[in-house]
Protein chains: 2
Amino acid sequence: MNRVTPDRPLSRIDGHAHAWTPRKARARFRWGVFGPTAGVAAGHTQANLISLPADWAYDMLLFCQRNPKPCPVLDVTDAGSWTTPLAEGADLRTDLPRYRVWENGELVAEPTDVVAYWRDDLVSFLIGCSFTFEWALSEAGVPMRHIEQGRNVSMYVTSRACRPAGRLHGPMVVSMRPVPPEHLAAAIRESTMLPAVHGSPVHCGDPSGLGIDDLGRPDFGDPVDAEPDDIPVFWACGVTPQAAVMASRPPFAITHAPGQMFLTDARDEQYRVA
Amino acid sequence: MNRVTPDRPLSRIDGHAHAWTPRKARARFRWGVFGPTAGVAAGHTQANLISLPADWAYDMLLFCQRNPKPCPVLDVTDAGSWTTPLAEGADLRTDLPRYRVWENGELVAEPTDVVAYWRDDLVSFLIGCSFTFEWALSEAGVPMRHIEQGRNVSMYVTSRACRPAGRLHGPMVVSMRPVPPEHLAAAIRESTMLPAVHGSPVHCGDPSGLGIDDLGRPDFGDPVDAEPDDIPVFWACGVTPQAAVMASRPPFAITHAPGQMFLTDARDEQYRVA
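Source: prediction; values computed, not measured.

### Side note on the environment of alanine 247 of chain B
Residues and elements named next belong to chain B.
So, point 1. Tracing the backbone shows alanine 247 in helix α7 (residues 240-248).
So, point 2. Each C-alpha atom of the pair alanine 247 and leucine 86 lies 29 Å from the other, and the pair is 161 residues apart in sequence.
So, point 3. Residues contacting alanine 247, with those up to four places away along its chain left out, are His169 and Gly170.

Take a look at the structure:
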C-alpha cells in the first residue's frame, strides 16, 4: 500500500521544518512541496482528510462517532466546500502535501492537488492525528524514533474490526512507536490527556495481540528501528477511514496520503483536557 | 417550559433510589414510575434522548459534532430501532420516566411512554448528561445542593448560540450548580476528566455573562437555594438539542423530559479520560 519510492519526510528535506508556521507549510504544499509531515510546524494540530460524496457523509460521521479512538472528528465541511475554520485561508483541494484518490475502493491516483478531481457534492472530514501528541511526548522526554531516523511513522492494519455504520466497515489501523520502558508512563499519560487526537494507546507490547505479524513490514509508512529494550506502543490511527474506504468501496473518495497531513492553525493545547 | 405541577424527584420518592440498578430503574419507569433522575443508580451513566426522522439525522449528528460540550454523543441507533448497546434489554420507547413529543417545534404531549408516537424512521441520539459527573463531584466532597434539597437541577437557555449544522440551530442550554468556593477546584477538576459528559464548566460566577437574568427562574428544572458564598457554576447541558428543536422546528421529534433521563448500564468511570 506504499509508494514504490516513498516520499522523503519534510523534516529531512528542511532542518527547519519544525519552525514553519502552519500557513507557510500549507503555502509550500500548495506550490508542490510534498512528503510526510511528522515534525513539521511544532505544536500545531495535524489532521487526516477524508472527502466523500454527500450521500455517504452520514455513514462516515456515524462511523467516526462509533469509533472515536481511530476517528476523532475535528471538523466537517459543508458539501462542496474546501474551507475550514481550523485553518484560515486554506484550500483543502491544494494545501495537503499529497492526496489519494479512490474509486470503488481502488486507489486510482496520488496527486499533489485534487482540483481536477473535486466534486460539488464532497463532504470533507478532518480527523485528529497522532502527530499532534508527538510534541507533548517529546517535551515529556519520550524519544520519537521515526523522527530521529528521518522516517514516516509505521502504521499497521489490525485484526480488530471497527464498529460498522451503515455501509461503512473495516479494520482499525494503528500507528506504532517504540518507547523505552522508562518513558512508557509519560507516553501513556501525555497521550491520554489528548482524547481528541486518539488519546491513550490501544495496545502495548506483543504485536500479535493486534494480529500484526511483522513490525518490520508496516502496511503504511516506513519501518522504524527500535532499541533492544523498547516496547512497541500502538495508538489508533486516522488512516482507519482509508481502510474503511478500501473495505467498503464507496464510489468515490479523496484522502490524504498516509503521513502527509493537513496542517491546521489550531494549537495542540486546545485539545488537551487538562 | 416547565410543567405546572413538576414531577417529584425520584430520590425524594424513594430514599434508596441511589442504590437501584439501572435495569431496575428502567423496569420501574416502564411500569409507569416517573420523576427527575438526579441521584438515581449511583455511578451509572445517565443520558439525554432525542429522536428525529432519519432525514434530520445527519444534521443532528453534525450539530453534535460541532457543539461537543452541550451534545456529547454516547450512542446513535439505526433508524426505527429502540435498542442500544449501552443498556441490555432496554426499550427506548418505554424505559425513560417521562418524554416530550414535538411537532414543528411545538410541545404536543408529555407522556410516560411513546409507543403510540413511535415511527419507523426515527433515529435516536443518546447524549451525555451532567448527572453522570455529580457522583464524581460528590465523592470529591462537592455538595450537590439540588439533591440535598430534593429538587431537579436548574437549567437555563443562554445567549450563546450553538454552531449551526444544516437546518439545526439554537442557543446553548446550561445546568447550574451552586458550589462553595473551597470546592470549586475539585468541581472543575473532576468534571474536566469526563469530557464525554460535558466536561469542564463553560462559565463560573456572574450569570449575566451567559445572558441569564435571574437564577431563581430557571427555564427548565427547579430553582435551587444557594448558600451566601456559593459560586454559580455552569455546565453545558444535554437539553441543548431540545432547544434546537424548539428553534429549528423539525416536523417531528421525541425527547426526554428535562431531568428525567435514560439510565444506561455504562459506568461513569468508562467515560473518564484519567
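### Some words on the side chain of asparagine 48 of chain B
Residues and elements named next belong to chain B.
So, point 1. Among the structural elements, asparagine 48 can be located in strand β1 (residues 44-53).
So, point 2. Accessibility expressed as a relative area gives 3% for asparagine 48, which makes it buried.
So, point 3. There is a polar contact of 2.8 Å between the side chain of asparagine 48 and the backbone oxygen of glycine 128.
So, point 4. Engagement of the side chain of asparagine 48 in a polar contact is seen with the side chain of histidine 256, the distance being 3.1 Å.
So, point 5. Setting aside residues no more than four positions away along its own chain, asparagine 48 makes contact with Phe125, Leu126, Ile127, Gly128, Cys129, His198, Gly238, Val239, His256 and Met261.

### Quick look at the pattern of salt bridges
So, point 1. Within this structure, the stated rule accounts for 40 salt bridges over all chains.
So, point 2. The partner of arginine 26 of chain A in a salt bridge is aspartate 265 of chain A, with the nearest N and O atoms 2.9 Å apart. Taken together, the residues arginine 26 of chain A in helix α2 (residues 22-31) and aspartate 265 of chain A in strand β11 (residues 262-267) connect sequence positions 239 residues apart.
So, point 3. Relative accessible area serves as the criterion here: at 29%, aspartate 265 of chain A is assigned to the partly exposed category.
So, point 4. Among the ionic pairs, arginine 145 of chain B bridges to glutamate 148 of chain B, the shortest N-O distance being 3.7 Å. Placement of both arginine 145 of chain B and glutamate 148 of chain B in helix α5 (residues 145-148) is noted, with a separation of 3 residues, approximately one turn of the helix.
So, point 5. Overall, the relative accessible area of 11% leaves arginine 145 of chain B in the buried class.

### Focus: the relation of the copies chain A and chain B
So, point 1. Superposition of chain A onto chain B requires a rotation of 180° combined with a translation of 0.1 Å along the rotation axis, giving an RMSD of 0.0 Å. The superposition operator between the copies reduces to a two-fold rotation axis. Using C-alpha coordinates, one finds that chain A approaches the rotation axis most closely at tyrosine 58 of chain A, a distance of 2.7 Å.
So, point 2. Looking at the interface residues of chain A, 100% of them are also at the interface in chain B, so both copies use one shared face.

### So, the side chain of threonine 264 of chain A
Residues and elements named next belong to chain A.
So, point 1. Positionally, threonine 264 belongs in strand β11.
So, point 2. Overall, the relative accessible area of 1% leaves threonine 264 in the buried class.
So, point 3. A distance of 2.7 Å separates the side chain of threonine 264 from the backbone oxygen of threonine 45, its partner in a polar contact.
So, point 4. Here the side chain of threonine 264 touches alanine 266 through a polar contact of 3.1 Å, landing on its backbone nitrogen.

### Observations regarding the domain arrangement of chain A
Residue and element names in this part refer to chain A.
So, point 1. The assigned domain composition of chain A is domain 1 (10-127 + 248-268) and domain 2 (132-236).
So, point 2. Domain 1 puts 28 residues into the contact, and the matching count from domain 2 is 29 residues.
So, point 3. Viewed at the interface, domain 2 and domain 1 are joined by 2 salt bridges.
So, point 4. As a salt-bridge pair, aspartate 59 and arginine 167 come within 2.8 Å of each other at their nearest N and O atoms.
So, point 5. Summed over the shared surface of domain 1 and domain 2, the result is 10 residue pairs in polar contact (both at pLDDT 80 or more).
So, point 6. Breaking the side of domain 1 that touches domain 2 down by element, the ones donating at least two residues are β1 (44-53) and α3 (57-66).
So, point 7. In terms of residue count, the dominant contributor to the side of domain 1 that touches domain 2 is α3 (5 residues).
So, point 8. Class assignment for the residues of the side of domain 1 that touches domain 2 results in 12 nonpolar, 9 polar and 7 charged.

Reading guide: rules and limits
- Per chain, residue numbering runs from 1 following the sequence as it is written.
- Working convention: letters from A go to chains and numbers from 1 go to ligands, in the order in which they are written.
- Thresholds applied to this predicted model are a pLDDT of at least 70 for local features of residues and 80 or more for the giving and counting of side-chain atom pairs; totals over whole chains, interfaces and linings are not thresholded and use all residues.
- Think of the side-chain values as coming from all heavy atoms in the structure, minus any hydrogens and water.
- Secondary structure counts use DSSP, requiring at least four H or I residues in a row for a helix and at least two E residues in a row for a strand, with both numbered from the N terminus.
- By definition, residues are in contact when any of their heavy atoms lie within 4.5 Å.
- Residue burial is assigned from relative accessible area. The probe radius is 1.4 Å, only protein chains are included, and a residue is buried under 20% of its type maximum, exposed over 50%, and partly exposed in between.
- Throughout this description, a polar contact denotes any pair of N or O atoms lying within 3.5 Å of each other; where both atoms belong to protein, one of them has to be capable of donating a hydrogen while the other can accept it, and for residues adjacent in sequence the pair is counted only when both atoms sit in side chains.
- Salt bridge, as applied in this entry: a Lys or Arg side-chain nitrogen positioned within 4 Å of an Asp or Glu carboxyl oxygen.
- The least-squares superposition of copies is restricted to C-alpha atoms, and to residues with a pLDDT of at least 70 in both copies.
- The split into domains, and so the bounds of each, comes from an automatic or database assignment of domains.
- Residue polarity follows a fixed list, in which Ala, Val, Leu, Ile, Met, Phe, Trp, Tyr, Cys and Pro are nonpolar, Asp, Glu, Lys and Arg are charged, and the others, Gly among them, are polar.

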